[in-house]
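One-letter residues, chain by chain:
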Amino acid sequence: MKTDRIEKRIELDAPVSRVWRALTDHREFGEWFRVKLDGPFVPGQVSRGYITYPGYEHVQWYAVVQKMELERLFSFTWPHPKSLEKTDLPQDYSKEPMTLVEFRLEKTANGTLLVVTESGFDKLPENRRLEAFRSNESGWTEQMKNIDAYLSQKATTA
Amino acid sequence: MRGRRSPARVFAALGDATRLALVRRLSQGRPRSIAQLTEGSRLTRQAITKHLHILKGVGIVRSVRKGRESRFEFDPEPIVSLREYLEHVSEQWDQALSRLKAFVER
């Protein structure tokens, strides 16, 4: 995998106009992307909201809408904070390094070809701290309980 | 980075009563300084420092600088390289796009 961009191609059995609406109507976008947006997307303007994806609800949505070329191209830039942990989240997302997300739509015989690219990862700092996944976190909590039980047992027998 | 946190290395680091006790203490609360961790222990500051560095080396404890002092805290989350992060973002796009597909095709 290249380290500066991601590209995804997906065939959708829906007309270009339908896909365009799902991408650019902020309520529709929010439904499949799992984000609650404050208002419509407007080129050149900041879009704000909150992630509704389970486990990430404390994370703000922040993006700067770039282009909206009807039924052809929708793009925005968005930040990649170094950490999504509650205590480490940035105060000001606009100061974070951003990547560019582009959705390109093409009409096909059966519907729409959607090409999504995200680029500019080479601008991000080398190491990232990932959000602790719930399972991982509860795994550790469980382990710590075991260790705790083990140690207190040891303390009584010592 | 994966190697650094390999289970064998993590468990080897935990296979010591002092280090286990340190991890237990750090996992219960806020970051602590070496002085705080030495308090009430029969071990010297140097010994505690050595044990903390072993835990830090396997990536389950990290230090944060506060003024002139280092504080140590329990750190169960993985720190990943940019390449692994990209894989993570890529997977998230796969999931988001399959939700989009279901959404426009319904």
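Residues numbered from 1 in each chain as written. Chains lettered and ligands numbered in written order. Predicted model: local features only at pLDDT ≥ 70, side-chain atom pairs only at ≥ 80, totals over all residues.

**Student:** Give a detailed account of the confidence of the model for chain B, specifying residues and quantitative values.
**Tutor:** Taken as a whole, chain B shows an average pLDDT of 84; of its residues, 89% reach a score of 70 or greater. Reported for the predicted complex are a pTM of 0.66 and an ipTM of 0.79. (pLDDT = per-residue confidence, 0-100.)

**Student:** Describe the environment of lysine 67 of chain A, listing the residues and the values that go with them.
**Tutor:** Residue and element names in this part refer to chain A. Positionally, lysine 67 belongs in strand β4 (residues 60-69). Owing to 13 C-beta atoms within 10 Å, lysine 67 belongs among the partly exposed residues under this scheme. Considering only alpha carbons, one finds lysine 67 and phenylalanine 103, 36 residues apart in sequence, at a separation of 9.9 Å. Ignoring anything within four residues of it in the chain, the contact list for lysine 67 reads Pro43, Leu73, Phe74 and Ser75. (Helix = DSSP H or I, 4+ residues; strand = E, 2+ residues; numbered from the N terminus. Buried ≥ 20, exposed ≤ 12 C-beta atoms within 10 Å, placed from the backbone. Contact = placed C-beta atoms within 7 Å.)

**Student:** Account for the nonpolar core, naming residues and giving values.
**Tutor:** Ranked by internal contacts, the top residues of the largest apolar core, which has 20 residues, are Val19, Ala22 and Leu23 of chain A together with Val104 of chain B. Every element with two or more residues in this core is listed here: α1 (16-24), α2 (26-33), β4, β5 (73-79) and β6 (98-107) of chain A together with α5 (82-105) of chain B. Setting aside chain neighbours within four positions, we find valine 19 of chain A in contact with Leu12, Ala14, Leu105, Thr112 and Leu114 of chain A together with Val104 of chain B. In terms of nonpolar packing, the next biggest core, distinct from the first, is built from twelve residues, Leu26, Leu37, Ile48 and Phe74 of chain B among them. (Core = buried A, V, L, I, M, F, W, Y, C linked by C-beta atoms within 7 Å.)

**Student:** Before we move on, could you go through the packing of helix α2 (residues 17-27) of chain B against helix α4 (residues 45-57) of chain B and cite the residues and values that matter?
**Tutor:** All names here are of chain B. At a minimum axis separation of 10 Å, α2 and α4 run at an interaxial angle of 75 degrees. In this view, α2 runs roughly perpendicular relative to α4, as classed from their interaxial angle. Residue-level inspection shows Thr18, Arg19, Leu22 and Val23 of α2 in contact with α4, the latter providing His51, Leu52, Ile54 and Leu55. Classifying every residue of the contact of α2 with α4 gives five nonpolar, two polar and one charged. (Axes fitted to C-alpha atoms, helices over the stretch in contact; angles between N-to-C directions. Parallel < 35°, antiparallel > 145°, perpendicular 65-115°, else oblique. Nonpolar A, V, L, I, M, F, W, Y, C, P; charged D, E, K, R; others polar.)

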